[in-house]
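Structure assessment
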Amino acid sequence: MAHLRWGTDALSLLISLDPAGPVRLLAAGEAPSLPDPAREPERWARLAHRALPLVEIQSTDGGRLGTSGKRHVDGTISRGLRHTGHDEDRTAGVRTLRVRMADEDSGLRATAVYTLREDAPVLHSEVTVENRGDRAIALEYVSSFTVSNLARHLPDSERWEDGLSLWLAANPWSGEFRWSRATLAERGLYDVGMVPYGQTGSKNRIAVTSTGSWSSSEYLPMGCLEETASGRALLWQIEHNGSWHAELADRLDDVYLTLSGPTDREHQWRRSLAPGGSFRTVPVTVALVPEGGFEAALAALTTHRRATRRTHPDHEQLPIVFNDFMNSLMGEPSTKALLPLVDAAAAAGAEYFCIDAGWYDTEPPGTVGPGGVPGWWDSVGEWQESATRFPGGLGEVLDRIREAGMVPGLWLEPEVVGVRSPVAASLPDEAFFRRGGVRVTEWGRHQLDLRHPAARAHLDSVVDRLVRDYGVGYLKLDYNIDIGAGTDGPDGTDSPGDGLLGHNRAHLDWLDGVLDRHPGLVLESCAAGGSRTDHAVLSRLPVHSVTDQQDFRLLPAIAAAAPTAVTPEQGAIWAYPLPEHTHAELGMVMVSALLGRVHLSGRPDLLTTDQMAVVCEALATYKTYRRLLPTARPRWPLGLPGWRDGWLALALTTRDGMTLLALWRRDGAPATVHVPLPWADSGDRPRVLFEAGVRATLDWDEGGRALRVGLPMERSAVLIALEPAARS
């Protein structure tokens, strides 16, 4: 039985190379769990019977065999892919496997590339398809990763629809990271009993898809399949900043998963692959763990995220950033309004000061445009300072920021050009998204197509000018429109979805180019309005603003869940102290940001001396341990936060054995909470790092490794450290 076993003890692949059939991924998991075809021929045969081809490909003229409907499996070309060779290499703790396949009827060649880290059970996957034939092939779907036999570890007595649970994360604006867990049956997928009658199973599926230029506006590009009883889990992320698709369904009494970028059915994506042409899928990563469930798989994926992102000096410093937007100036900056904030931010301990939206506004302050947006909304694109708002020049404020010991920054929305902007007329039509030859307009803006040299040159000149002329060290990159399916511009693309994919990749290349030219520049990805929480962006930009939530009572649910998608040292959370806050509420406001990146805002310039002391104490405390965040592992001792949960908890365990624990008590919650900390050592000693307006009570159960915490007031929070006894 021709086969390939490849990987590490923690994660291996079992691939069938049977020349009589397509190359198939029979199973993935820890090495001891994979069957030996010589010793377990029946088990091997069962896996081979159920397994899908290694790569799923569908074309317009090929379609599928043996099935119809919405599923992206059983492609005709996929069934014809035969093994033509494979090779492996190893470098610096990373293994790479390339499996080459060919379909002689169509002339297509496919190469699946798997990269496996030796320090974590994490597999990175992407596929390249080449046309070696003599005619064009219209591709409609190509999988980045396909795996079958996901229910193979369940006991025979347990149905897969009950024994497997699926985690998905709704990601609404200002309510991000809403993870939920349900069995496959509860999500509508179950055994309909047709396999004994010669059918593959049901025709339905669990499909999660994102369409357009916001990759995470409805769901995170992530999911986790978990064995309910054992905690075995497969966690995936699709590492793309545009359209994507994930599909989970039953097939021959088992379950498969296929992941991809854009598709024809969901995203208007087609690629006409001419003879000699090639196409590369979007990358995906999966983490597989034998126990520990979602949280253990996330720990492995966090290791991958850190290992595969661009190195940036920001992660060595984790500076505190003041931004004048949230519950502060809200897009109405001016010299008069900013100068008091500059002084207050510096006094509080901020190290960067970012002037947010509106610094370029030529309209009178307070002007409102159609739809209730600011008057400048449909005129942006030149990114020149406003003489109205800054009569002495923007440089006056930037100099004041530097004199106060902070690095100046500016807000920028680079990909859009307002319909009233001079740039809309000066750039050629080809530099913008078009459909049917008509320039696309969305909410008073046009979308630049960064594949076009004029569009890229324009943005390069803007960024280089701001760095050169103003000396900015920080740019907040926002993106407030979803441009839809894409562009079918005149550059040879075959479909709007393919045009969007090309722009998505050009956008990433543009970001790389900016950081290549300005390696010390801090670029912030705004994923609140921008709705792009994906590893394609996160692997490049050091800071990621995760939400626009303005209510400090709701913010903790987002802050506590953010590390599921963003490493703590990248995830920026607002801390917006206001004069109307009580001391306990100020404590809640500040704790929400203390286990991530602190984005200070609000009105520190209007606080009393006592209120300002609370803010200063919180930030001074943060500076004592922030160096530990880039290696810390997130944990959720009370489970992932529900939107209305009374008590919320987020813990970070550091490399040197410390646990940092944030707890929030919200309206209606009891005065005490029992927090299990099974990873802690019985000799650990808890102590309060920061609290305000309340005095927390701590009762440590050494034997039970649990902490009982009391907070006497609702709308309060506490930050606790558990340290080894030798250090406490």
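Heads up: the structure comes first, above all this text.
Below is a summary of the structure that appears in this document. (Residues numbered from 1 in each chain as written. Predicted model: local features only at pLDDT ≥ 70, side-chain atom pairs only at ≥ 80, totals over all residues. Heavy atoms only, no water.)

1. Remarks on the sheet that holds strand S37 (residues 685-691)
Ordered in space as S33-S34-S35-S40-S37, the five strands form an open sheet in which the pairing is antiparallel. Two strands lie at the open edges of the sheet, namely strand S33 (633-635) and S37, each paired on one side alone. Between one strand and the next, the sheet's axes are offset by a mean angle of 25°, whatever the strand orientation. Two elements, S33 and strand S34 (residues 647-653), share three bridges in a ladder whose sense is antiparallel. Within S34, the residue paired with Pro 634 across the bridge is Leu 652. (Pairing = 2+ DSSP bridges. Helix = DSSP H or I, 4+ residues; strand = E, 2+ residues; numbered from the N terminus. Axes fitted to C-alpha atoms, helices over the stretch in contact; angles between N-to-C directions.)

2. Some words on the packing of helix H11 (residues 453-470) against helix H12 (residues 496-517)
It is the contact of H11 with H12, at a shortest axis distance of 11 Å, that shows an interaxial angle of 30°. One way to sum up the angle between H11 and H12 is to call them roughly parallel. Relative to H12, the crossing made by H11 is right-handed. On H12, the residues that touch Arg 456, Leu 459, Asp 460, Val 463 and Asp 464 of H11 are Ala 506, Asp 509, Trp 510, Gly 513, Val 514 and Arg 517. A breakdown of the residues in the contact of H11 with H12 according to their chemical character gives five nonpolar, one polar and five charged. (Parallel < 35°, antiparallel > 145°, perpendicular 65-115°, else oblique. Left-handed = near helix turned anticlockwise from the far one by under 90°. Contact = heavy atoms within 4.5 Å. Nonpolar A, V, L, I, M, F, W, Y, C, P; charged D, E, K, R; others polar.)

3. So, the pairing of strand S13 (residues 206-210)
Alternating positions in S13 separate cleanly, Ile 206, Val 208 and Ser 210 being buried on one face and Ala 207 and Thr 209 remaining unburied on the opposite face. The pairing of S13 with strand S16 (residues 244-251) spans five bridges and is classified as antiparallel. Paired with Ser 210 across the strands is Trp 244, a residue of S16. (Buried < 20%, exposed > 50% of the residue type's maximum accessible area, 1.4 Å probe, protein only.)

4. Thoughts on the state of the cysteines
Summed over the entire model, instances satisfying the criterion amount to zero disulfides. Among the cysteines around Cys 354, which has no disulfide bond, Cys 526 carries the closest sulfur, lying 10 Å off. When its relative accessible area of 0% is taken as the criterion, Cys 354 is described as buried. (Disulfide = S-S within 2.5 Å.)

5. Some remarks on the nonpolar core
Counting 140 residues, the largest nonpolar core has Phe 353, Ile 355, Trp 359, Leu 475 and Tyr 625 as the members making the most contacts within it. In this structure, Leu 475 is in contact with Leu 410, Leu 412, Val 463, Leu 466, Leu 521, Val 522, Leu 523 and Glu 524, ignoring residues within four places of it in sequence. Core analysis: the next-biggest nonpolar cluster, separate from the first, contains 59 residues, Leu 54, Leu 189, Trp 269 and Leu 288 among them. (Core = buried A, V, L, I, M, F, W, Y, C linked by side-chain atoms within 4.5 Å.)

6. Points about unusual backbone geometry
Residues other than glycine seldom take positive phi values, yet Phe 177 does so here, at roughly 65°. Overall, the relative accessible area of 1% leaves Phe 177 in the buried class. Backbone geometry at Trp 383 places phi at a positive 60°, although glycine is not the residue there. Among the secondary structure elements, Trp 383 is positioned in the loop between strand S22 (352-355) and helix H9 (394-403). Of the residues examined, Trp 383 reaches a relative accessible area of 2% and is grouped as buried.

7. Points about the sheet that holds strand S36 (residues 672-676)
Read across the open sheet, the three strands follow the order S36-S39-S38; overall the sheet is antiparallel. Where the open sheet ends on each side, the last strands, each with one partner, are S36 and strand S38 (697-701). Strand-to-strand twist in this sheet, taken as the mean axis angle between neighbours without regard to direction, amounts to 20°. As judged from the five bridges shared by S36 and strand S39 (residues 706-710), these two strands associate in the antiparallel manner.

8. Re the pattern of salt bridges
What the rule picks out here adds up to 53 salt bridges. Between Glu 413 and Arg 445 there is a salt bridge, and its shortest N-O distance comes to 3.0 Å. Of this pair, Glu 413 sits in the loop between strand S23 (407-412) and strand S24 (416-418) while Arg 445 sits in strand S27 (residues 445-447), and the two are 32 residues apart along the sequence. Side by side, Glu 413 and Arg 445 carry an identical accessibility label, which is buried. For Arg 439, the salt bridge goes to Asp 429, with nearest N and O atoms at 2.5 Å. In this pair, Arg 439 is assigned in strand S26 (residues 438-439) and Asp 429 in the loop between helix H10 (422-426) and strand S25 (434-435), connecting sequence segments 10 residues apart. Overall, the relative accessible area of 19% leaves Arg 439 in the buried class. On the basis of relative accessible area, Asp 429 is assigned to the partly exposed category, the value being 35%. (Salt bridge = Lys/Arg side-chain N within 4 Å of Asp/Glu carboxyl O.)

9. Quick notes on the pairing of strand S6 (residues 94-103)
In terms of burial, S6 is largely enclosed, as eight of its 10 residues are buried. When strand S5 (residues 82-91) meets S6, the two strands line up antiparallel, connected through nine bridges. Within S6, the residue paired with Glu 88 across the bridge is Leu 97. Linkage of S6 to strand S7 (residues 108-117), two consecutive antiparallel strands, is achieved through a turn of four residues, within which Gly 107 is found at a positive phi near 85°.

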